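Here are the chains, one letter per residue:
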Amino acid sequence: MENAAPPNRTIVVIGSSTGGPRTLETIFSRFPLVDAAIIIVQHMPLYINSSLCRHLAKTTQMEVGIAEDGDPVEHGTIYVAPSDVHLKLVGNRTIRLFNDEKVQFVRPSIDVAMTSLEKSSGDRFAGVILSGMGSDGAQGIRHIKSIGGATLAQALRTCAIHAMPRAAFETGKVDQMLPPEGIREQIIRIARTA
Amino acid sequence: MTEVPCQRIMVVDDDVFILEVMKELFEPEGIEVVAVESGDACIAELKKGFRGVVLMDIMMPRKDGWETIKEMLDLDLMEGNVVAMLTAKDVPDGELEYIKEHVIDYITKPFEADEIVTVVKGYLDYLA
């Protein structure tokens, strides 16, 4: 994952839990190579990490891999947060993994990843919340909105479990509630207008 | 050597009709169905070595689906399995949020036959 880095970044953080993997597969079905780095924080057991990457890699032109500590944030890449550690972005440029306590029962936490993004005049951000129990990601969506990012959540009728997107929506900071296909189109649009 | 994809599912449901429906749906697809009527029977199958996709009903007498998953975790029987809840409840119990990372999906009954076969085949591929 080492390439020449453009000066600015478009970073999309997707938070997903129960019911999320099949939504992710829809979002990344025929997903083109776009000028953005995409971070996926999926609540899942460790032994599923590589399988999820493999599934996503089948249908997208983006490079897909399990995020490693110290990875530079590169456009054209989907980074899947590994289980059992928190993922943060340092200076919007470097992925760091931390073995801190669970947050809202989970590690990695969507909130931890999203709130690590730093306001920057050159970088662009988007946060997306998919199906899942609980409210992880709501604080993250509030943060991404506060730093000028775009915020999306999965349309409730399309969720296996709608608690997480509902909690995000209830912050009043979600720009759009969209079905998986709409989320895909919106991410592509955000990346291409970067 | 080519790895043989996992082609086994376990359906855990006290509703015998659901167990029969699942057999009718999956066995013609070449997928072995282990059908059990209780959480205890599920644990017994796991102890015997079952690994695959587990479709778990939530509301069962004596030991419900969530309690069964907690026992799977306590007994270290989770690894190598993908667990999806199979339920008539459209809203999960919030207090059980702490095991959510072990539940990949939440499939609400009644379900579309084609849809559940596609979804479960996808999860079987996770274990390949």
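Residues numbered from 1 in each chain as written. Chains lettered and ligands numbered in written order. Predicted model: local features only at pLDDT ≥ 70, side-chain atom pairs only at ≥ 80, totals over all residues.

**With respect to the overall build of chain A**
Formally: By the criteria applied, helices consist of DSSP H or I runs no shorter than four residues and strands consist of E runs no shorter than two, each listed in order from the N terminus. Atoms counted for the radius of gyration: C-alpha only. Globule rule: 2.2 Å times residue count to the power 0.38. Residue burial here comes from a neighbour count, namely the number of other C-beta atoms, placed from the backbone, that lie within 10 Å of the residue's own C-beta, with 20 or more meaning buried, 12 or fewer meaning exposed, and in between meaning partly exposed.
Assigned secondary structure in chain A consists of six helices and nine strands. Against the compact-globule benchmark of 16 Å for 194 residues, chain A has a radius of gyration of 15 Å, which places it among compact chains. Projected onto its principal axes, the C-alpha positions of chain A cover 40 × 35 × 30 Å. Counting over 194 residues, chain A shows a buried share of 55%.

**Regarding helix α1 (residues 16–26) of chain B**
Residue and element names in this part refer to chain B. Inclusion rule: The arc in question is the one spanned by the directions pointing from the helix axis to the C-beta atoms. Placing a C-beta atom from the backbone of each residue, one calls two residues in contact when those atoms lie within 7 Å.
Listing the buried residues of α1 in full gives I18, M22 and F26. For α1, the angular spread of the buried residues around the axis is 50 degrees, confining them to a single face. Across from the buried face of α1, at angles greater than 90 degrees, the exposed residues are V16, F17 and E24. Those residues of α1 that are buried lie in contact with β1 (8–12), β2 (32–36) and α4 (113–126).

**Remarks on the packing of helix α2 (residues 39–47) of chain B against helix α3 (residues 65–74) of chain B**
Residues and elements named next belong to chain B. What counts is decided by this rule: Structural elements are reduced to axes, namely lines fitted to C-alpha atoms, with helices fitted over the stretch in contact, and the angle between N-to-C directions of any two is expressed from 0 to 180 degrees. Here the word oblique covers every angle except those under 35 degrees (roughly parallel), over 145 (roughly antiparallel) and from 65 to 115 (roughly perpendicular). Handedness of a crossing follows from how the near helix is turned relative to the far one, being left-handed for an anticlockwise turn of less than a right angle and right-handed for a clockwise one.
In contact at an axis separation of 9 Å, α2 and α3 are set at 25 degrees when each is read in the N-to-C sense. By the criterion of interaxial angle, the relationship of α2 to α3 is roughly parallel. Handedness of the α2/α3 crossing: right-handed. Note on element contacts: α3 touches α2 through G65, E67, T68, E71 and M72, opposite G39, C42, I43 and L46.

**Concerning the sheet that holds strand β1 (residues 10–16) of chain A**
Hydrogen bonds along the backbone pair up the strands of a sheet, which may run parallel or antiparallel. Residue and element names in this part refer to chain A. Cut-off, in case you're wondering: Strand pairing follows a simple DSSP-based rule, namely that at least 2 bridges must link the two strands.
Across the sheet, seven strands lie side by side as β3-β4-β2-β1-β7-β8-β9; this open sheet has parallel pairing. Each edge of the open sheet carries a strand with a single partner, namely β3 (63–66) and β9 (176–178). Going from strand to strand, the sheet's axes swing by 20 degrees on average, the running direction of each strand aside. Relative to strand β4 (residues 77–80), strand β2 (residues 37–42) runs parallel, the two being bridged by four bridges. Across the sheet, residue I39 finds its bridge partner in β4, namely Y79. Sheet contacts for helix α2 (residues 49–59): β2, β3 and β4; angle to β3, the most-contacted strand, approximately 175 degrees. Together, β1, β7 (124–129), β8 (150–154) and β9 form the strand contacts of helix α6 (residues 180–192), whose direction differs from that of β8 by roughly 165 degrees.

**Here's the deal with the interface of chain B and chain A**
In plain terms, the rule: Only Asp, Glu, Lys and Arg are considered charged, only Ala, Val, Leu, Ile, Met, Phe, Trp, Tyr, Cys and Pro nonpolar, and every remaining residue, Gly among them, polar.
Listed per partner, the contact involves 17 residues of chain B and 18 residues of chain A. Counting residues per element, the ones that place at least two in the side of chain B that touches chain A are β5 (103–108) and α4 of chain B. The element best represented in the side of chain B that touches chain A is β5 of chain B, accounting for four residues. Of the residues in the side of chain B that touches chain A, the class split is nine nonpolar, three polar and five charged.

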